[in-house]
Amino acid sequence: MTDSTTPGSDTTSLGSSRVKRGLAEMLKGGVIMDVVTAAQARIAEDAGAVAVMALERVPADIRSQGGVARMSDPDLIESIIAEVSIPVMAKARIGHFVEAQILQSLKVDYIDESEVLSPADYVNHIDKWPFSVPFVCGATNLGEALRRINEGAAMIRSKGEAGTGDVSEATKHIRTITSEIRALTAKTHDELYVAAKELQAPYDLVVEIARTGKLPVVLFTAGGVATPADAAMMMQLGADGVFVGSGVFKSGNPEARAAAIVKATTFFDDPSVIADASRGLGEAMVGINVSDQPAPHRLAERGW
Amino acid sequence: MAGRPSVSRNTGPVVGVLALQGDFREHLAVLSSLGADARPVRRPAELSEIGGLVIPGGESTVMDKLSRAFGLAEPLKDAIRSGLPVYGTCAGLIMIADTVLDAISGQQSLGGLDISVRRNAFGSQLDSFETDLDIPVLGAPPVHAVFIRAPIVEAAGPDVRVLSSLPDGRVVAVEQGSLLGTSFHPEMTGDTRFHEYFLDRVRAAQ
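Conventions we followed
Residues numbered from 1 in each chain as written. Chains lettered and ligands numbered in written order. Predicted model: local features only at pLDDT ≥ 70, side-chain atom pairs only at ≥ 80, totals over all residues. Heavy atoms only, no water. Helix = DSSP H or I, 4+ residues; strand = E, 2+ residues; numbered from the N terminus. Rg over C-alpha atoms; globule rule 2.2 N^0.38 Å. Buried < 20%, exposed > 50% of the residue type's maximum accessible area, 1.4 Å probe, protein only. Contact = heavy atoms within 4.5 Å. Areas by Shrake-Rupley, 256 points an atom, 1.4 Å probe, with all protein chains shown as cover. Lys, Arg positive; Asp, Glu negative; His and termini not counted. Charge placed at Lys NZ, Arg CZ, Asp CG, Glu CD. Phe/Tyr/Trp six-rings, centres within 6.5 Å; stacked < 30°, edge-to-face > 60°. Buried area = accessible area lost by both parts, 1.4 Å probe. Salt bridge = Lys/Arg side-chain N within 4 Å of Asp/Glu carboxyl O. Nonpolar A, V, L, I, M, F, W, Y, C, P; charged D, E, K, R; others polar. Pairing = 2+ DSSP bridges. pLDDT = per-residue confidence, 0-100. Arc of directions from axis to C-beta.

This paragraph deals with the overall build of chain A. Along chain A, the regular secondary structure elements total 13 helices and nine strands. A globule of 304 residues ought to have a C-alpha radius of gyration of about 19 Å, and chain A, at 19 Å, matches this closely. Projected onto the principal axes, the alpha-carbon positions of chain A cover approximately 55 × 50 × 40 Å. Counting every position in chain A, which comprises 304 residues, the buried fraction comes to 60%. For chain A, the proportion of contacts with a sequence separation of at least 24, taken over those separated by at least 6, is 66%. Of the roughly 11,400 Å² of accessible surface on chain A, 51% is carried by carbon and sulfur atoms. Taken together, the 29 basic and 39 acidic charged side chains of chain A have centroids lying 3 Å from each other.

A word on the packing of aromatic side chains. Residue and element names in this part refer to chain B. The tally for this structure, following the rule as stated, stands at twelve aromatic pairs over all chains. A centroid spacing of 5.9 Å and a plane angle of 15° characterise the contact between tyrosine 87 and phenylalanine 194, whose relative ring orientation is stacked. Of the two residues, tyrosine 87 is situated in strand 4 (residues 86-89) and phenylalanine 194 in helix 6 (residues 193-205); the sequence distance between them amounts to 107 residues. Tyrosine 87 sits in the buried class, given a relative accessible area of 0%. On the numbers, 4.6 Å between centres and 10° between planes, the contact of phenylalanine 129 with phenylalanine 147 is stacked. In this pair, phenylalanine 129 is assigned in strand 7 (residues 129-133) and phenylalanine 147 in strand 8 (residues 143-147), connecting sequence segments 18 residues apart. You'll find phenylalanine 129 and phenylalanine 147 in the same group, each marked buried.

Every contact between the two is made by 46 residues of chain B and, on the other side, 51 residues of chain A. Both faces combined, the contact of chain B with chain A buries some 3,900 Å², and carbon together with sulfur accounts for 56% of it. Considering only the side of chain B, the residues that lose the most area to chain A are Gln125, Leu126 and Glu130 of chain B, jointly responsible for 18% of the buried surface there. Summed over the shared surface of chain B and chain A, the number is six salt bridges. Between glutamate 26 of chain B and lysine 28 of chain A there is a salt bridge; the shortest N-O distance is 2.8 Å. Looking at the side of chain B that touches chain A, the elements with two or more residues in it are helix 1 (24-33), helix 3 (60-69), strand 7 and strand 8 of chain B. Among the elements that line the side of chain B that touches chain A, the one with the most residues is helix 3 of chain B, at five residues. The residue inventory of the side of chain B that touches chain A, partitioned by class, reads 17 nonpolar, 14 polar and 15 charged. Bridge analysis of strand 1 (residues 13-14) of chain A against strand 7 of chain B gives two bridges, and the strand direction is antiparallel. What sits directly across from leucine 14 of chain A, in strand 7 of chain B, is phenylalanine 129 of chain B.

Moving on: the sheet that holds strand 8 of chain B. Ordered in space as 1(A)-7(B)-8(B), the three strands form an open sheet in which the pairing is antiparallel. Of all strands in the sheet, those bounded by a partner on one side alone are strand 1 of chain A together with strand 8 of chain B.

Overall, the prediction assigns chain B a mean pLDDT of 95, with 96% of residues at 70 or greater. For this predicted complex, the interface score ipTM comes out at 0.94, alongside a pTM of 0.94.

Before going further, it helps to examine the side chain of aspartate 270 of chain A. Along the chain, aspartate 270 of chain A turns up in the loop between helix 12 (254-266) and helix 13 (271-277). For aspartate 270 of chain A, a relative accessible area of 13% gives the class buried.

The next thing to look at is helix 3 of chain B. When you tally the buried positions in helix 3 of chain B, you get seven out of ten residues, the bulk of the element. Lining the buried residues of helix 3 of chain B we find helix 12 of chain A together with strand 3 (52-55), helix 4 (73-81) and helix 5 (91-95) of chain B. Glycine 71 of chain B sits one or two positions beyond helix 3 of chain B and adopts a positive phi of about 70°.

With that settled, consider the environment of glutamate 283 of chain A. All names here are of chain A. On the secondary structure map, glutamate 283 appears in the segment after helix 13. Residue class for glutamate 283 comes out exposed when judged on its relative accessible area of 57%. Remark: the alpha-carbon pair of glutamate 283 and glycine 252, spanning 31 residues in sequence, is separated by 4.8 Å. For glutamate 283, the residues in contact, after removing those within four places along its chain, are Ser251, Gly252 and Arg257.

A few words on helix 4 of chain B. All names here are of chain B. The set of residues buried in helix 4 consists of Ala73, Leu76, Lys77, Ala79 and Ile80. Looking down the long axis of helix 4, one finds its buried residues gathered within 160° of arc, a one-sided arrangement. In this structure, the buried side of helix 4 is in contact with strand 1 (14-18), helix 2 (44-47), strand 3, helix 3, strand 4 and strand 12 (179-182). Following helix 4 by one or two positions, glycine 83 has its phi on the positive side, about 100°.

A complete count under the given rule lists 36 salt bridges over all chains for this structure. The salt bridge partner of aspartate 109 of chain A is arginine 149 of chain B, with a shortest N-O separation of 3.0 Å. Taken together, the residues span two chains, with aspartate 109 of chain A in the loop between helix 5 (97-105) and strand 5 (110-114) and arginine 149 of chain B in the loop between strand 8 and strand 9 (152-156). Of the residues examined, arginine 149 of chain B reaches a relative accessible area of 11% and is grouped as buried. Of the charged contacts in the structure, one is a salt bridge between aspartate 200 of chain B and arginine 203 of chain B, with a shortest N-O distance of 3.3 Å. Placement of both aspartate 200 of chain B and arginine 203 of chain B in helix 6 is noted, with a separation of three residues, approximately one turn of the helix. Via salt bridges that share partners, Arg42, Glu45, Asp46 and Glu83 of chain A belong to a single interconnected network.

What follows is the structure in structure tokens.
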């Protein structure tokens with residue numbers, strides 16, 4: 001790139017891994033909120049969101065309305081970029097590299113290759129390395145997270161079950177990922193070969209996790225977070241931050257709930273602050289129990 | 001369970017890192033590795049114990065909101081006025097600037113540095129970059145600097161010393177009195193010279 005805003009040094013690089021992963025580092029301890037209009041984006045920024053996810057329908061509506069869910073209209077995404085100063089993310093379908101190319105051309109700050117949309121490829125995910133814009137991808141376990149990182153994901157979010165308001169799957173996925181990481185750190189070097197095979201993950205990444213005890217990218221959690229207590233529990237379970245999808249704007253008082261979830265995420269280990277943040281928020285999203293959802297309607301099973 | 005970041009108690013100066021949001025753990029790790037007694041700060045009472053403060057990278061609008069909601073902003077302003085050494089990186093630089101350009105409606109800063117700083121001055125994430133910067137006060141070799149949706153210093157008062165600029169002249173590192181600020185993130189690269197420079201100032205202030 002020869003953009004006039006970039007300094008003209010031989011050692012300058014745009015879109016490097018460090019820069020892509022670095023933005024996620026700056027989002028840590030924060031809440032990323034789904035928004036479907038510029039007005040909602042304004043509410044989210046004013047409430048203390050660290051970034052917004054621009055989309056046409058929140059997962060709860062995608063779930064109830066059915067049909068194929070695709071990338072949002074570029075006009076909608078641009079109106080949200082114009083409205084707020086915090087980073088704007090947008091979703092592409094799994095494997096839909098052209099939707100990703102479009103989102104990069106719109107200058108979104110992060111692309112979510114998301115199981116919330118209908119997959120465009122049931123075999124391959126997007127090769128994310130050639131893009132200058134960073135990607136976040138969902139994962140239900142460590143092997144899936146490492147396969148996404150191997151494809152170039154610069155941030156991982158545990159999937160949970162989007163659009164339900166039921167936090168149980170989010171709990172399961174963040175617990176699975178962190179527990180599998182801990183298990184790796186206890187293995188001897190010769191055990192890591194078979195660990196890589198069992199995780200279906202690249203050996204080099206498995207060795208790195210065993211050595212460092214953490215993912216090489218930031219790990220957020222998502223899918224079913226609806227209350228300040230939900231957010232704080234995800235943080236106590238080891239998440240670096242929280243995505244809230246339908247939970248804010250499907251509730252009775254989005255402004256208050258959004259601000260309360262932000263406070264609970266920062267003071268996740270202080271029950272008195274979380275209690276205060278939980279007062280007088282009005283109705284939470286009604287929600288549906290994941291256990292009532294037949295398997296074909298579970299979004300977390302999309303992605304491989 | 002994650003809990004609070006575990007930080008070993010070193011015998012060096014007690015340095016706080018504002019831990020409301022952002023990459024505060026990286027700063028805590030660098031400061032600890034240099035022998036400082038580094039502690040996360042989220043409450044006013046925690047300010048009384050520290051001899052210096054780092055404000056990390058992150059989202060300035062969120063840090064501003066939380067620092068006011070939890071009663072930290074006013075004690076922080078008082079501490080800055082009374083000479084507490086503070087080092088702000090990226091969002092932290094915005095927090096200690098007197099004037100913030102392209103702020104959101106109602107956004108406040110702690111102030112102290114007589115500068116005007118522009119948020120997201122380079123554009124979107126696609127314009128984030130890393131580069132080598134000459135920083136005379138740190139000597140050779142150049143510092144490898146990572147700019148992520150970074151701010152720049154657009155105007156600086158007479159008492160502000162410019163520590164580094166990009167080749168096109170835009171100012172990205174400054175100091176004034178006990179305050180130090182950079183648009184970029186030394187906590188991300190393993191080069192500890194900026195943190196050492198700051199710790200020298202903390203020791204000198206004691």
